[in-house]
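One-letter residues, chain by chain:
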Amino acid sequence: MTERGVSYLDGRLAPRAHAALPGWLAEGFMFLAKLLWSALFAVLILGAIIISRLIWQHDWVLARYDALVIFVVATQILFLVTRLESWEEAKVIFLFHVTGTVMEIFKLAQGSWDYPEQGILEIGGVPLFTGFMYAAVGSFIARAIRIFHMQFAPYPAFPLTFALALAIYVNFFTHHYVWDIRWVLFAATIALYWRTRIWFFPARRPRWVPLPAAAAFAALLLWVAENVGTLTQTWAYPGQGAFQLVNIAKFGSWYLLLYVSFVTVTLVLRDALIPHPVRPTPR
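Being a predicted model, the structure only gives us computed values, none of them experimental. Each residue is numbered by its place in its chain's sequence as written, counting from 1. Only residues with pLDDT of 70 or above have their local features reported here, since the model is predicted, and side-chain atom pairs are shown and tallied only from 80 upward, although totals for entire chains, interfaces and linings are computed over all residues. The basis for every side-chain value is the complete set of heavy atoms in the structure, and neither hydrogens nor water enter the calculation.

### Some words on the overall build of the protein
We count a stretch as a helix when DSSP gives it H or I for four or more residues in a row; a strand needs E for two or more, and each element gets its number in order from the N terminus. Looking only at helices and strands, the protein features 10 helices and five strands. Throughout, radius of gyration means the C-alpha value; the globule benchmark is 2.2 Å times the number of residues raised to the power 0.38. For 283 residues, the compact-globule formula gives about 19 Å, and the C-alpha radius of gyration of the protein, at 19 Å, lands near that figure. The principal-axis extents of the C-alpha atoms in the protein amount to approximately 55 × 45 × 35 Å. Counting all 283 residues of the protein, 49% fall into the buried class. Contacts in the protein between residues at least 24 apart in sequence constitute 75% of all its contacts with a sequence separation of at least 6. Carbon and sulfur atoms form 71% of the exposed surface of the protein, whose accessible area is close to 14600 Å². Neither His nor the chain termini are counted; the positive set is Lys and Arg, and the negative set is Asp and Glu. The location of each charge is read from NZ of Lys, CZ of Arg, CG of Asp or CD of Glu. If you average the places of the 21 positive and of the 15 negative side-chain charges in the protein, the two averages end up 14 Å apart. Residue exposure (1.4 Å probe, protein chains only): buried if accessible area is under 20% of the type maximum, exposed if over 50%, otherwise partly exposed. Whether two residues are in contact is decided by their heavy atoms: any pair within 4.5 Å suffices. Only the protein chains shown count as cover for residues, and all accessible areas are computed by the Shrake-Rupley method using a 1.4 Å probe.

### Some words on the sheet that holds strand β4 (residues 197–200)
Read across the sheet, three strands follow the order β3-β4-β5 without closing on themselves; strand pairing throughout is antiparallel. Strands at the two margins of the open sheet, each flanked by one partner only, are β3 (151–153) and β5 (207–210). Adjacent strand axes in the sheet meet at a mean angle of 25°, parallel and antiparallel pairs treated alike. For two strands to be treated as a pair, DSSP must find no fewer than two bridges joining them. Of the strand pairs in this sheet, β4 and β5 are connected by four bridges, and their pairing is antiparallel. By the bridge assignment, I198 is partnered in β5 with V209. For helices, the fitted line uses only the C-alpha atoms of the stretch in contact; every axis is such a line through C-alpha atoms, and the angle between N-to-C directions lies from 0 to 180 degrees.

### Overview of the packing of helix α5 (residues 87–109) against helix α6 (residues 129–147)
Running from N to C, α5 and α6 point in directions that differ by 145°, and their axes come no closer than 7 Å. Taken as a pair, α5 and α6 cross one another with a handedness that is right-handed. Between α5 and α6, the residues in contact are E89, I93, F96, H97, G100, T101, M103 and E104 and T130, G131, F132, Y134, A135, G138, S139, A142 and R146, respectively. Residue polarity is assigned by list, with Asp, Glu, Lys and Arg as charged and Ala, Val, Leu, Ile, Met, Phe, Trp, Tyr, Cys and Pro as nonpolar; anything else, Gly included, falls into the polar class. Looking at the contact of α5 with α6 residue by residue, the class counts come to seven nonpolar, seven polar and three charged. With the far helix as reference, a near helix turned anticlockwise by less than a right angle produces a left-handed crossing, and one turned clockwise produces a right-handed crossing.

### Focus: the pairing of β4
Two strands pair when backbone bridges link them, and β3 and β4 are joined in this way by three bridges, in the antiparallel orientation. If you follow F152 over to β4, its bridge partner there is I198.

### Focus: the packing of helix α2 (residues 23–38) against α6
Between two packed helices, what matters for the description is the angle formed by their axes and the separation of those axes. Between α2 and α6, the shortest axis-to-axis distance is 8 Å and the interhelical angle comes to 140°. One finds that α2 runs oblique with respect to α6. For the pair α2 and α6, the crossing hand works out as right-handed. For the pair formed by α2 and α6, the contact residues are K34, L35, W37 and S38 on the first element and S139, F140, R143, A144 and I147 on the second. Residues of the contact of α2 with α6, tallied by class, amount to five nonpolar, two polar and two charged. If an angle is under 35 degrees, it is roughly parallel; if it is over 145, roughly antiparallel; if it lies from 65 to 115, roughly perpendicular; otherwise it is oblique.

### Digging into the pattern of salt bridges
Note on definitions: salt bridges are taken to be side-chain nitrogens of Lys or Arg within 4 Å of carboxyl oxygens of Asp or Glu. This structure, assessed with the given rule, holds four salt bridges. A salt bridge links D10 to K34; its shortest N-O distance comes to 2.8 Å. Within this pair, whereas D10 is found in helix α1 (residues 4–20), its partner K34 is found in helix α2, the two being separated by 24 residues in sequence. Overall, the relative accessible area of 31% leaves D10 in the partly exposed class. Residue R64 pairs with E117 through a salt bridge whose shortest N-O separation is 2.8 Å. Of this pair, R64 sits in helix α4 (residues 64–81) while E117 sits in the loop between α5 and β1 (122–123); the two residues are 53 residues apart in sequence, bridging distant segments of the chain.

### What to know about the nonpolar core
Remark: nonpolar core denotes a set of buried residues (Ala, Val, Leu, Ile, Met, Phe, Trp, Tyr, Cys) joined through side-chain atoms within 4.5 Å. If you look at the biggest cluster of nonpolar residues, it comprises 72 residues, and the most contacted ones within it are I45, I141, I145, M150, F152 and I168. Here this core gets 12 residues from one element, more than from any other, and that element is α6. Setting aside its immediate chain neighbours within four residues, F152 contacts I145, T196, R197, I198, L211, F262, A272, L273 and I274. Counting residues in hydrophobic clusters, the runner-up holds 10 residues, among them A26, M30, A33 and I147.

Nothing here speaks to function; it is geometry throughout.
Written as structure tokens, this is what we have:
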């Protein structure tokens, strides 16, 4: 079932935009509107991080981290009740929460980053809201596929995409002990996906972008979100000043992690994966 917001975007907002604006400007407006609607979960979490940092007092009974946990859980429930996410998507997003939390616990123990505040709702020193930040990435991908009516074509053999995603995830752990093969993994993403186009509908006409280029754009947005987290002192990297940008190397980390996220989503949303070139029509 199509959610009410998508029906409004395609059925009411798009015709009004095309009636009031030149074609290229209307299409750009609709692209931004659909992008923000797709990223609604992530936008709400970032908003909560910023607002809580501005208003929270250290002597309040409820810790800021615990309040963020309560907020993200309530938001996830709201998304399900209002059908902004389906139960099938929620199962995959739960996997994001688990795999993200496991990575957070490991990375925190390695000293890769730190959480300067304290809370009760945590595991291994990791606040439980952090798993939902990874889940927000999965939510964005799943919602964008539906909202933009995306198709991925020609799509590589699914076992190969799964094997690459698994190698990327494992390397996030093993590079602390053996060689970091991220440059090999960067090359592998290009070799495997260089022919894959993401077909999408910002408005009336189908557009396409190479999948690796879309992953790089999304990684840039996530790097910006990382800076929101550090500037609000929600988490911190070793040696990073209060107003210092996150190391650009994190852009590469997010680029690779997006492939893990995307393949995880495709465990449910397989209909959008087309093994041969195609010029799609809205689904």
